[in-house]
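Here is how the chains run, residue by residue.
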Amino acid sequence: MSDLIRAAEAEQLARAPHVDPRWRPRFHITAPAGWINDPNGMCWFAGEYHVFYQFNPYGTEWGTMHWGHASSTDLVNWRNRGVAMAPDAGYDADGCYSGSAVVLGEELVLLYTGHREERAESGLPDPARFDQTQNVASSRDGVTFVKDPRNPALAGHPQDGTAHLRDPKVWRHREHWYMVLGNEQQGGTGRALLYRSPDLWQWQALGAIAESDGSTGYMWECPDLFELDGRHVLVISPMGVHTEGHGPDPQFHAGALVGSFDYDTHRLDHGPYTEMDWGHEHYAVQTMAVPDGRRIAIGWMMPAAGQPSEKGDGWAGVLTLPRELHVTPEDRLTMRPIAELELLRGERLFAGDTLVEGQFDTGVRLDSAEILIDADLAGSIVDQVGFTLDLGAGAHVHVGLDRRAGELVVDRGGPDGSRRARLDPGERLLLRAFVDRSTLEVFTGSGLVTMSSRIYPSAQPRLALSSAGGPTRFSVEVFAMRAMQVDDVPPLGAAPLAP
Ligand code: FRU
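Below is a summary of the structure that appears in this document. What you see is a predicted model, and the numbers here were worked out from it, not measured in a lab.

What counts and what doesn't
- Residues numbered from 1 in each chain as written.
- Predicted model: local features only at pLDDT ≥ 70, side-chain atom pairs only at ≥ 80, totals over all residues.
- Heavy atoms only, no water.
- Helix = DSSP H or I, 4+ residues; strand = E, 2+ residues; numbered from the N terminus.
- Rg over C-alpha atoms; globule rule 2.2 N^0.38 Å.
- Buried < 20%, exposed > 50% of the residue type's maximum accessible area, 1.4 Å probe, protein only.
- Contact = heavy atoms within 4.5 Å.
- Areas by Shrake-Rupley, 256 points an atom, 1.4 Å probe, with all protein chains shown as cover.
- Lys, Arg positive; Asp, Glu negative; His and termini not counted.
- Charge placed at Lys NZ, Arg CZ, Asp CG, Glu CD.
- Near = heavy atom within 4 Å.
- Polar contact = N/O pair within 3.5 Å; in protein donor to acceptor, adjacent residues only side chain to side chain.
- Nonpolar A, V, L, I, M, F, W, Y, C, P; charged D, E, K, R; others polar.
- Core = buried A, V, L, I, M, F, W, Y, C linked by side-chain atoms within 4.5 Å.

When you go through the protein chain residue by residue, the secondary structure sums to one helix and 32 strands. Taking 499 residues into account, the globule formula puts the C-alpha radius of gyration at 23 Å, and the protein chain, at 22 Å, falls close to it. On the principal axes, the C-alpha backbone points of the protein chain span a range of 65 × 50 × 45 Å. By the burial criterion, 60% of the 499 residues in the protein chain qualify as buried. Residue pairs in contact within the protein chain that sit at least 24 positions apart in sequence constitute 60% of those at least 6 positions apart. For the protein chain, the computed accessible surface area is about 18,700 Å², with 51% contributed by carbon and sulfur atoms. Computing the positive centroid from 43 side-chain charges and the negative centroid from 68, the protein chain places the two 2 Å apart.

This is the structure in structure tokens:
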């Protein structure tokens, strides 16, 4: 173990007892202390699922990127496995950036971007002058990684692109390894570049499989290409896209191009860019294929600007729940919560069939919970139907179908308050929502709309159902969700908000 890994783990242990757990989710991956962003290296290896993540142990801001690590036997109870990589190799001196994992024989192999900035005369790194190389680290036990002395595996960048070349996603197809990298083309358009190798070391550049048409961002981060339901999907995190339903602000969101990829021409013939998640906070998605054939995605709930944040609590950043992906016959990507989440269901807090007109206060308080709503819209004249969480101190978040607009809305108030996504639920509105202290993830029954947002309650949220402009029959179930089992300090269940 390198000195920097030892130092990072000691730092994490020292900081963890001082973390304020009031907003720390109990069944989501978070760091015990410090900052996290992108999920990395998602894979199945030696009987366990692994999720790594971008991790700064030294503060609650982005900085000095390490790889943190969590593993699980069931995709819902995650153990903290400490720090897998630290920026200790020269070529990654300014960060072990995002990447992926492949299994090679008995070894788990990570491919990641080493970020290094040139030193200015002052001796300090100059963020404007940097290089990004692609590197390899491997492990036999899935926990302790050794960076390969042959690194970098790929250095430099194409002439027609800038030095922003990162986030390798690697997979095997027939007798070759393939890798996609995110890149900014000269002139400021994002693209995904493809490389091929017989051995993970000699990489041949095969050009762009897809690129921005000008409306889909100046830089593509975290590309991920895979086959699903007989189609191909390229997931990207484009920077600088404006899509309908978003406020003016962050324009960081993850989306997908669905179509057909040709291994001879190296092009993805695809339909329009669509977002994967219309909530306020969702970025840098990565996927993995698991042994039973499912394709599972996890994203990072990248904080939108102007929000309260948990940074003052000694931790920052949370990954989304794992979602199962599919492609519809119309080439739409769907996301649904993985089935395993039912393992965490605890007490049933509420169940009932209720006719609601206006607001109906269920009286139920949610700490970590799942809400299932089936609202009957057959012959209905209502304008709006959904639910509201009273977050205390006059704050609310409202989730509902705006029937006139034909949109699902998550409105948490404040700057950039509402996010909207097109939704035509037909005669039944099926919503499934997970609340986990400071996270809210809403899924529709069709899987076509997902909305992930952060919330900052000052008391345990109180659930009300709402129907405006007429009555709606609701069938509702609410379950408490158990804290996942972690060997973690402080324990995730500690000190809930007051009811
Ligand atoms: C996406 C990203 C990646 C990069 C990493 C650095 O959020 O910017 O492109 O590898 O984060 O932490």
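So, next bit.
Attention now moves to the site of the ligand. In the region of the ligand, the neighbouring residues are N37, D38, Q54, W62, M65, Y97, S98, R166, D167, E221, Y283 and W300. One of the side-chain nitrogen or oxygen atoms of Q54 is found 2.6 Å away from an oxygen atom of the ligand. Interatomic distance of 2.8 Å between a side-chain N/O atom of E221 and an oxygen atom of the ligand. Here the ligand, which alone exposes 320 Å², has 91% of that area covered by the protein. Looking at the shell around the ligand, the elements with two or more residues in it are β1 (34-45), β5 (96-104) and β9 (161-173). Within the shell around the ligand, the residues separate by chemical class into five nonpolar, three polar and four charged.

Moving on, we come to the environment of I29. Take I29: it is sitting in the loop between α1 (3-15) and β1. Distance in space between the C-alpha atoms of I29 and A256 is 23 Å, their sequence separation being 227 residues.

Quick look at the nonpolar core now. If you look at the biggest cluster of nonpolar residues, it comprises 41 residues, and the most contacted ones within it are W78, L319 and L341. Mapped onto this core, the elements with two or more residues apiece are α1, β1, β2 (48-56), β13 (219-228), β18 (283-289) and β19 (295-300). Top element by residues in this core is β2. It accounts for four residues. Sequence-distant contacts of L319, defined by excluding residues within four places in its chain, comprise H28, I29, I36, N37, D38, P39, V51, Y53, I298, G299 and W300. Counting 36 residues, the second largest nonpolar core, distinct from the first, contains V397, L431, L463 and F474.

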